[in-house]
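Letter by letter, the chains look like this.
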Amino acid sequence: MPFSRSFLSEEQLLCSICLDVFDNPVSAPCGHSFCMACIRHYWDTAKHCQCPLCKQTFKRRPDLHINRTLREITEQFKRMVASPGDSGGVGAGGEAEEGGMTQETVDGAQKPGHLPGLLLNEMKQRLSRHKVHSNSQACHEERGSEQTPNTNTNGTQPPVIDRQLSLRRYTLSGAADAMKVPLCPKHHCNLELFCLSDRECICIECGQTEHQSHNITCAEKEWRSNKMKISITETEIQEMTRERMQKVEEIKQSLVDIRKLAENEVQRSMQLFGVLMSSLERSQAGLLEVTEINRRSAEHQAEVMIRELEQEITELKTRSTALAKLAKTENFVTGLKGYSDLSTPTSMKDWTGVSLTCDLGTKAIYASVCLLLEQFKEELRKLPTVCLSVSANQSLLTSHPKVKRVQEYAVDVTLDSNTAHPRLILSEDKKKVWCGEKQQHVPDSRERFDRVVCVLGREGFSGGRHYWEVEVDGKTDWDLGVASHSSNRKGKITVSPSNGYWFLSLRDRNNYAFRTEPSTALPLSLKPQKIGLFVDYEKGQVSFYNVDAKMHIYTFMDNFSETIYPFFSPCTNKTGNNDAPLVITPVLLD
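The rules behind each value
- Every chain is numbered on its own, with residues counted from 1 as its sequence reads.
- The predicted nature of this model means local features are confined to residues of pLDDT at least 70 and side-chain atom pairs, given and counted, to a pLDDT of 80 or more, with totals for whole chains, interfaces and linings taken over all residues.
- For side-chain calculations, the full set of non-hydrogen atoms in the structure is used, while hydrogens and water are omitted.
- Only strands that DSSP links by at least two bridges are regarded as paired with each other.
- Going along the chain from the N terminus, every DSSP run of H or I of four or more residues is numbered as a helix, and every run of E of two or more is numbered as a strand.
- For helices, the axis comes from a line fit to the C-alpha atoms of the stretch in contact; other axes are also lines fit to C-alpha atoms, and the angle between any two N-to-C directions lies between 0 and 180 degrees.
- Partly exposed residues are those whose accessible area sits between 20% and 50% of the maximum for their type, while under 20% is buried and over 50% is exposed, using a 1.4 Å probe and protein chains only.
- Counted as positive: Lys and Arg. Counted as negative: Asp and Glu. His and the chain ends are not counted at all.
- Salt bridges are defined as contacts in which a side-chain nitrogen from Lys or Arg sits within 4 Å of a carboxyl oxygen from Asp or Glu.
- Each polar contact in these results corresponds to two N or O atoms within 3.5 Å; when the atoms are within protein, one needs to be able to donate a hydrogen and the other to accept it, and residues that are neighboring in sequence are counted only if both atoms are side-chain atoms.
- Two residues form a contact once any of their heavy atoms are found within 4.5 Å.
- Cavity: a set of points on a 1 Å grid over the protein atoms alone where a 1.4 Å probe fits but cannot get out. Pocket: an open set with protein on both sides within 12 Å along at least five of seven lines, its lining residues, like those of a cavity, having an atom within 4 Å of a point.
- Grid points are joined across faces, edges and corners, and a volume is the space filled by probe spheres set on the points.

Q: What should I look at first to understand the sheet that holds strand β20 (residues 582–585) in this one?
A: Paired through their backbone hydrogen bonds, the strands of a sheet run either parallel or antiparallel. Overall, antiparallel pairing links the 7 strands, which are arranged β8-β9-β20-β11-β16-β17-β18 in an open sheet. The sheet is open, and its two borders are formed by β8 (424–426) and β18 (551–557), each paired with just one other strand. Direction aside, the axes of adjacent strands within the sheet are offset by 20° on average. Strand direction decides the pairing type here: strand β9 (residues 432–435) and β20, joined by 2 bridges, are antiparallel. Directly across from V433, in β20, lies its bridge partner L582.

Okay, structure coming up:
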């Protein structure tokens, strides 16, 4: 059955790649149709297998089959154009041509499915005129300014199906570029317009009635404009996210600086209080308490700020993901509604002037210490004349009252061979210990350390005050302190006060630390050759001193509930680099 020329146009049967009438047409999975040779060549030269029109990408190259129905329509259209008597058309010369495509045309230079030169020129001229008409009609419909139907030059109204198909390519699987536009629930017309006043999609009837005085535009045009704004909004969100991530790093760095500052403050305070009289001990404890409270307060404040920033970062990333997903939708109704919700700025805190304060609140205590120091100097002036002969520039460390006092509690400490690791070698008088190359054959017992190279003192303390000194000259690594009776001695040992170990360590010649969780680093300006250890059981005090320099190193306060023993570890000899022994030396009173 012949088709009327009113229902078919040249554009509907042109391949969008070669711009010629379909030759062996095939349809892609997305519904668009092309010449088989054209689409195959396009996919052979393209990086990805995708539709040239809608850009839909296919994971694997589709198997193409000739669309026989479309080929029959195309061939019949060619015969209609070539036979003006059947379709009412004329050739390029204005005279009717008889018959369709002849066998000579197929067998000759003219390829199957291609039109003669004169007829092809005529179709291209008609196509150019048709495109101008379609563009003007599309602009007219987008503006929504006129609702009267288009008419031909002769005053007649074109067929409805021809007017609709002129706006988009039509394939046998349906309108390939058509979009399923929702209908107005009231007028059952397409929601093609967008009311800027009420921020909603409307139909033409709505625009002429309820929204007559409102600012109305084309919905699809408005959605394209909003899609451009999405990228700008995404950029702003990314910038806000970056600023907050930088603020998180800034706060974390401030927290690290505060921790270092707190450690330095504790160390300086220890050295200062080491040269003062015992009456300053209460001020020392107060400063430690204030420093710890302010450090914990800073940590809590940092955790709160970081938690708030991370929450805002999560919200911003969620919005960014939603906007990215929204940008991919082609349904402008859903897109506009979703963008209206996502584009509304949420309440965000301004973090520009927010920072973590570094004040540890120690100024008042230092002022009190200065006052006590002046009082201490005044007491020195009242001493006998022999004391005044000391040069004013001489360091008070040479007559350290704290060291002199603790030396009075000296005890005789010896090593307990029953607790020594098999690699440790003890002197006959049990005053020296060093690490050998091989393990010795010694009886195993519950008291003996089997993995960590250390040994305990024979004398235990369950009360009172005790002081002893250990020579560490020539060593690169060592551990000295006290350990509780019930502390673990088998396998890998976690050394900390909570596990019954209180000791000072040296690693790699210069790294001093007290073993807490985590370790407390102790930057010492003078490297000690001999360490003095003082224990006050009732106070729970463990103190370390540089005996030769008469300087206090560190004090740790805890509660003792069982017998404690002196703890010694010469560490491994490191192939001769750390083979010097730890030596318990007699305490000499100055």
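Q: I tried to follow the pairing of strand β19 (residues 564–569) on my own but got confused; where do I start?
A: The side chains of a regular strand alternate, first on one face of the sheet and then on the other. By the criterion of burial, β19 is predominantly enclosed, with 6 of the 6 residues buried. Alignment of strand β10 (residues 455–456) against β19, held across 2 bridges, turns out to be antiparallel. When the bridges of β19 are listed, V455 appears paired with F568. Here 6 bridges tie strand β12 (residues 478–484) to β19, and the two strands are oriented antiparallel to one another. Its bridge partner being in β19, L480 is matched across the sheet by F568.

Q: Can you help me understand the side chain of E234 in this one?
A: Along the chain, E234 turns up in helix α8 (residues 219–273). Despite being buried, E234 has no salt bridge partner; K328 is the closest side chain of opposite charge, sitting 9.1 Å away. Polar contacts involving the side chain of E234 include one to the main-chain amide nitrogen of A324, which spans 3.4 Å. Residues in contact with E234, not counting those within four places in the same chain, are S320, L323 and A324.

Q: Before we go on, may I ask you to explain the sheet that holds strand β7 (residues 216–218) in this structure?
A: Ordered in space as β6-β5-β7, the 3 strands form an open sheet in which the pairing is antiparallel. Two strands lie at the open edges of the sheet, namely β6 (200–202) and β7, each paired on one side alone. Looking at each pair of strands side by side, their axes are set apart by 40° on average, direction ignored. Across 3 bridges, strand β5 (residues 193–195) lies against β7 in antiparallel orientation. Note on β7: the bridge partner recorded for F194 is T217.

Q: Is there a simple way to think about the pattern of salt bridges in this case?
A: Pairs can form between side chains of opposite charge whenever their charged atoms are close. Inspection of the entire model under this criterion finds 19 salt bridges. For K247, the salt bridge goes to E250, with nearest N and O atoms at 3.3 Å. Of this pair, K247 and E250 both sit in helix α8, separated by 3 residues, roughly a single helical turn. Overall, the relative accessible area of 36% leaves E250 in the partly exposed class.

Q: Is there a simple way to think about the side chain of K530 in this case?
A: Looking at the secondary structure, you find K530 in strand β16 (residues 530–536). Although K530 is buried, it forms no salt bridge, and the closest oppositely charged side chain is E469 at an N-O distance of 4.3 Å. Other than its neighbours up to four places away in sequence, K530 contacts E469, V470, E471, V472, Y545, N546, V547, D548 and T585.

Q: What's the story with unusual backbone geometry in this structure? I'm lost.
A: Comment: phi is negative for the bulk of residues other than glycine, and the bulk of peptide bonds are trans. P518 follows E517 through a cis peptide bond whose omega is -5°. By secondary structure assignment, the location of P518 is in the loop between β14 (511–514) and β15 (520–521). In this model, K430 sits at a positive phi of 60°, which is unusual for a non-glycine residue. Of note, K430 is situated in the loop between β8 and β9. Although it is not a glycine, K574 adopts a positive phi angle of roughly 50°. Here K574 shows up in the loop between β19 and β20.

Q: I would appreciate a short explanation of empty space enclosed by the protein in the present structure.
A: Sizing a probe to match a water molecule and rolling it over the atoms shows the empty space that remains. In the structure shown here, the tally under the stated rule is 2 cavities of 30 Å³ or more. Within this model, the largest cavity holds a volume of roughly 70 Å³. The wall of the largest cavity is formed by 10 residues, among which L524, L526, N546, M551 and I553 lie closest to the centre. Contributing elements (two or more residues each) for the lining of the largest cavity: α8 and β18. Top element by residues in the lining of the largest cavity is β18. It accounts for 3 residues.

Purely geometric stuff here, so don't read any function into it on its own.
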